[in-house]
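Inside the fold
Residues per chain are reported as follows:
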Amino acid sequence: MDDDPLLRMVSRSSLFGNETGSLPVGEFEPSSSILEFLEKDCKILVVGAGGLGCEILKDLALSGFRQIEVIDMDTIDVSNLNRQFLFREADVGQAKAIVAARFVEERVAGVKVKAHVGRVQDKTSEFYEEFNFVVSGLDNVEARRWLNSTLVSLAEVDDEGNVDPGTVIPMIDGGTEGFKGQARVIVPRFTSCFECSLDAFPPQRTYPLCTIAETPRLPEHCVSYAQIVEWPKFFPDRKYDTDSVDDVRWIFHKAKERADVYDIQGVTYMKTLGVVKNIIPAVASTNAVVSAVCANEAFKLATLSARTLDTYFMYMGNDGVYTHTFRYEKKETCPVCSTRVRVVPANPSSTLRGLVAHLQTSDLRLKSPSLTKADATLYMQKPPSLEEATRPNLDKQLAELLKDDDELTVVDPVFSGDLALTLQISFSLDEPIVDGSSEDEKHQQDDDQDDVDKKKHNANGGDKKTGNHTNGHRLPN
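Residue positions are given per chain, counted from 1 along the sequence in the order it is written. In view of the model being predicted, local features appear only for residues whose pLDDT reaches at least 70, and side-chain atom pairs are presented and counted only at 80 or more, with totals across whole chains, interfaces and linings using the full set of residues. Only hydrogens and water are set aside; all other atoms, that is, all heavy atoms of the structure, feed into the side-chain values.

**Thoughts on the overall build of the protein chain**
What counts here: A helix here means a DSSP run of H or I that spans at least four residues, while a strand means a run of E at least two residues long, and both kinds are numbered starting from the N terminus. Remark: exposure states derive from per-residue accessible area (1.4 Å probe, protein chains only) relative to the maximum for the residue type, with buried under 20%, exposed over 50%, and partly exposed in between. Whether two residues touch is decided by their heavy atoms; if any such pair falls within 4.5 Å, the residues are in contact.
What the protein chain contains, in helices and strands, is 15 helices and 13 strands. Taken across its 477 residues, the protein chain has 47% of its residues classed as buried. Restricting the contact set of the protein chain to residue pairs at least 6 apart, pairs at least 24 apart contribute 66%.

And the structure:
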């Protein structure tokens, strides 16, 4: 429609204009056309129906949005009931998206909520093109990166660099952890995107196998050992079920046995559950605050009734109530929204395997990169037949495969299938890229070895750590 608020927003001189001042947009004038757009034409997608997603669904429905869809891949667990208020005990085991959609429709008259069960990555670009706005309540950085890259790729740019406003789908991203929370407004091609601020999200913590097997120091090491090493010994034909109380309890008892051997404190059932399910601490009041900000920004985008968030809101509730708002600037080397070709320093004697590992551990944080150049396919992760055919290239030196300043096209599952990165390889490094784990990690393991050896020497029943006894704990079927 010609009066689409989004088209007016991206067409004006500033996305974040005030009613007065240097960037005025005028006083807001309510109209029937705005109300009609809000209630009949505006389609909004909520991604995630967990603690934050439940709040967002409720707030959007009560703010006047009538055409809402929600997508989530999870089922309801009994542990969700203390904060995900759209669910009841009778709903345990059912799909979150379906139950949440049904609950909101029943409680808010006139609202239509359509549920989708599955991963965001399973939906095509055509699915996301149907929406005016996307509100994300995900607790998964990888899924947020993929969603961000999809929405950026949908924003079409002509040969002169002008963005087609009709292809822009703003994303409102919210996240919480304990008493901390954040919300941001991302207008693809106009503001910084999620990938621009990836450095603010530390990589998910993992533990080297050599550490958890030989030099455990933390409760998490003991839990990881129980699930990675012990479980396959006892149940080689079955993977543990993170939603099974029996399975988690078995892992907990094994982790506790190992912790006792190494005199490590802090292994509890809740700690085990948190490690096994990668649970992020959740506080209902934080979800409520951040959800309110997300819904408020969605309403402002749909109506232009007030200034839009520019661009990041931070909430800290640990020691009182503190909020801060600032603008996240675009990152010039952003692999998603920047058009600049990124230069990757390398040594010609480095192997292709080393380059792949570098792309995974560098600030790009790729997952399973596949690399091609203009006249050759260097390495493809999928399909299996192509992976097998290109695997020999991994052990070849870069000098055998590339010339200095050659450009590579890289695709990776953390980004939408429509997005490919262009990297220029510069033979400017004096030392080859290391293929394996970092030297710092190896040195840290060496530094801790003496202390761990003392614990081993003082521990009673040293053979207990590799024994096959169960101490009477009931094993899962």
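Read on for the rest.
**Looking at the environment of Cys334**
Structurally, the position occupied by Cys334 is in the loop between strand E8 (322-326) and strand E9 (342-346). Residue Cys334 is classed as buried on the basis of its relative accessible area of 1%. On a C-alpha basis, the gap between Cys334 and Leu364 in space is 8.8 Å, while along the polypeptide they are 30 residues apart. Apart from the residues within four sequence positions on either side, Cys334 is in contact with Cys193, Glu195 and Cys196.

**Quick look at the sheet that holds E9**
Quick reminder of the rule: By definition, two strands form a pair when at least two bridges between them are found by DSSP. Axes here mean lines fitted to C-alpha atoms, for a helix over just the part in contact, with angles spanning 0 to 180 degrees between N-to-C directions.
Read across the sheet, 5 strands follow the order E9-E13-E12-E10-E11 without closing on themselves; strand pairing throughout is mixed. The sheet is open, and its two borders are formed by E9 and strand E11 (376-379), each paired with just one other strand. In this sheet, adjacent strand axes meet at a mean angle of 35° when their direction is disregarded. Strand direction decides the pairing type here: strand E10 (residues 370-373) and strand E12 (residues 407-411), joined by 3 bridges, are antiparallel. Each residue of the ladder has a partner; that of Ser370, found in E12, is Val411. Running over the sheet, helix H12 (residues 352-361) touches E9, E10, E11, E12 and strand E13 (421-427) and is turned about 120° from E10.

**Some details on the state of the cysteines**
Test applied: Only a pair of cysteine sulfur atoms within 2.5 Å counts as a disulfide in this structure description.
Within this structure, the stated rule accounts for 0 disulfides. Not engaged in a disulfide, the cysteine Cys193 finds its nearest cysteine sulfur in Cys334; these two sulfurs lie 3.6 Å apart. On the accessibility criterion, Cys193 (1% relative accessible area) is buried.

**A short note on unusual backbone geometry**
In this structure, Thr311 follows Asp310 across a cis peptide bond, with omega equal to -15°. Along the chain, the position of Thr311 falls in the loop between helix H11 (284-303) and strand E7 (312-316). One non-glycine residue, Asp263, lies in the positive phi region at around 55°. You can see Asp263 is positioned in the loop between helix H9 (245-261) and helix H10 (269-277). Even without a glycine there, the phi angle at Asp405 is positive, about 75°. Among the structural elements, Asp405 can be located in the loop between helix H14 (398-401) and E12.

**Some thoughts on the nonpolar core**
Heads up, the rule is: What we call a nonpolar core is a set of buried Ala, Val, Leu, Ile, Met, Phe, Trp, Tyr and Cys residues that are connected through their side-chain atoms within 4.5 Å.
Counting 49 residues, the largest nonpolar core has Tyr128, Leu352 and Leu371 as the members making the most contacts within it. Here Tyr128 is in contact with Leu45, Val120, Lys123, Trp146, Leu147, Thr150, Leu151, Leu154 and Ile169, once residues within four sequence places are set aside. Core analysis: the next-biggest nonpolar cluster, separate from the first, contains 46 residues, Leu52, Ile76, Val113 and Leu301 among them.

**Comments concerning the sheet that holds strand E5 (residues 171-177)**
Read from one edge of the open sheet, 8 strands run E3-E2-E1-E4-E5-E6-E7-E8, paired in mixed fashion. Strand pairing shows two members of the sheet lacking a second neighbour, strand E3 (112-117) and E8, which therefore form its edges. Taking each pair of neighbouring strands and ignoring which way they run, the sheet shows an average axis angle of 15°. In terms of strand pairing, strand E1 (residues 43-47) meets strand E4 (residues 133-136) through 4 bridges, oriented parallel. By the bridge assignment for E4, Leu45 is matched with Val134. Those strands touched by helix H6 (residues 141-154) are E1, E4, E5 and strand E6 (180-186), and its axis lies near 170° from that of E5.

**Re the packing of aromatic side chains**
In this description, an aromatic ring pair is defined by two values, namely the gap between the centres and the angle between the planes. Filter applied, for reference: Here is the rule: rings of Phe, Tyr and Trp (six-membered ring for Trp) pair when centre to centre is within 6.5 Å. Planes less than 30 degrees apart are stacked, more than 60 are edge-to-face, and the remainder are tilted.
Under the defined criterion, the tally for this structure stands at 14 aromatic pairs. With a centroid separation of 5.0 Å and an interplanar angle of 35°, the aromatic rings of Phe194 and Phe201 are classed as tilted. Between the aromatic rings of Phe235 and Trp250, the centroid separation amounts to 5.3 Å while the plane-to-plane angle is 75°, which identifies the pairing as edge-to-face. A residue pair is termed long-range when its members are at least 10 positions apart, and Phe235 in the loop between helix H8 (219-234) and H9 and Trp250 in helix H9 qualify at 15 residues. One exposure class covers both Phe235 and Trp250, and it is buried. Here the aromatic cluster, defined as three or more aromatic residues joined through ring pairs, consists of Trp231, Phe234, Phe235, Tyr240 and Trp250.

**Observations concerning a negative patch on the surface**
Quick reminder of the rule: Patches draw on residues past 30% relative accessible area with no salt bridge. Two like charges within 9 Å are joined, as are two nonpolar side chains (Val, Leu, Ile, Met, Phe, Trp, Tyr) within 5 Å. Computed with the Shrake-Rupley method and a 1.4 Å probe, the accessible areas treat only the protein chains shown as cover for residues. Put simply, a salt bridge is a Lys or Arg side-chain nitrogen that is within 4 Å of an Asp or Glu carboxyl oxygen. Two residue types count as positive, namely Lys and Arg, and two as negative, namely Asp and Glu; His and chain ends fall outside the count. For charged residues, the charge sits on one atom: NZ in Lys, CZ in Arg, CG in Asp, CD in Glu.
A contiguous patch of negative charge on the surface is contributed by Glu126, Glu129, Glu156, Asp158, Asp159, Glu160, Asp164 and Asp418. Here Asp418 falls in the exposed class, since its relative accessible area comes to 55%.

**Points about the packing of H8 against H9**
How we decide: By definition in this entry, angles of less than 35 degrees are roughly parallel, angles greater than 145 are roughly antiparallel, angles of 65 to 115 are roughly perpendicular, and the rest are oblique. Left-handed describes a crossing whose near helix is turned anticlockwise from the far helix through less than a right angle; right-handed describes the clockwise counterpart. Think of it as three bins: nonpolar holds Ala, Val, Leu, Ile, Met, Phe, Trp, Tyr, Cys and Pro, charged holds Asp, Glu, Lys and Arg, and polar takes everything else, Gly as well.
Orientation of H8 relative to H9, taken along the N-to-C sense of each, is 115°, at an axis distance of 8 Å. Regarding the angle of H8 to H9, the classification is roughly perpendicular. Crossing geometry of H8 relative to H9 is assigned as right-handed. Of the residues in H9, those in contact with Cys222, Val223, Tyr225, Ala226, Gln227, Glu230, Trp231 and Phe234 of H8 are Asp247, Trp250, Ile251, Lys254, Ala255, Arg258 and Ala259. For the contact of H8 with H9, the per-class residue count stands at 10 nonpolar, 1 polar and 4 charged.

**Description of helix H2 (residues 32-41)**
Put simply, the test is: Taking the helix axis as origin, the arc is that swept by the directions to the C-beta atoms.
Those residues of H2 that fall on the buried side of the exposure criterion are Ile34, Phe37 and Leu38. The buried residues of H2 all sit within an arc of 95° when viewed along its axis, so they share a single face. For H2, the exposed residues set more than 90 degrees away from the buried face come down to Ser32 and Lys40.

**Some thoughts on the packing of H2 against H11**
Contact geometry for H2 and H11: axes closest at 10 Å, N-to-C directions at 130°. Between H2 and H11, the angle falls in the class oblique. Here H2 runs over H11; the crossing is right-handed. In this structure, H2 uses Ile34, Phe37 and Leu38 to contact H11, whose residues at the interface are Phe299, Ala302 and Thr303. By residue class, the composition of the contact of H2 with H11 is 5 nonpolar, 1 polar and no charged.

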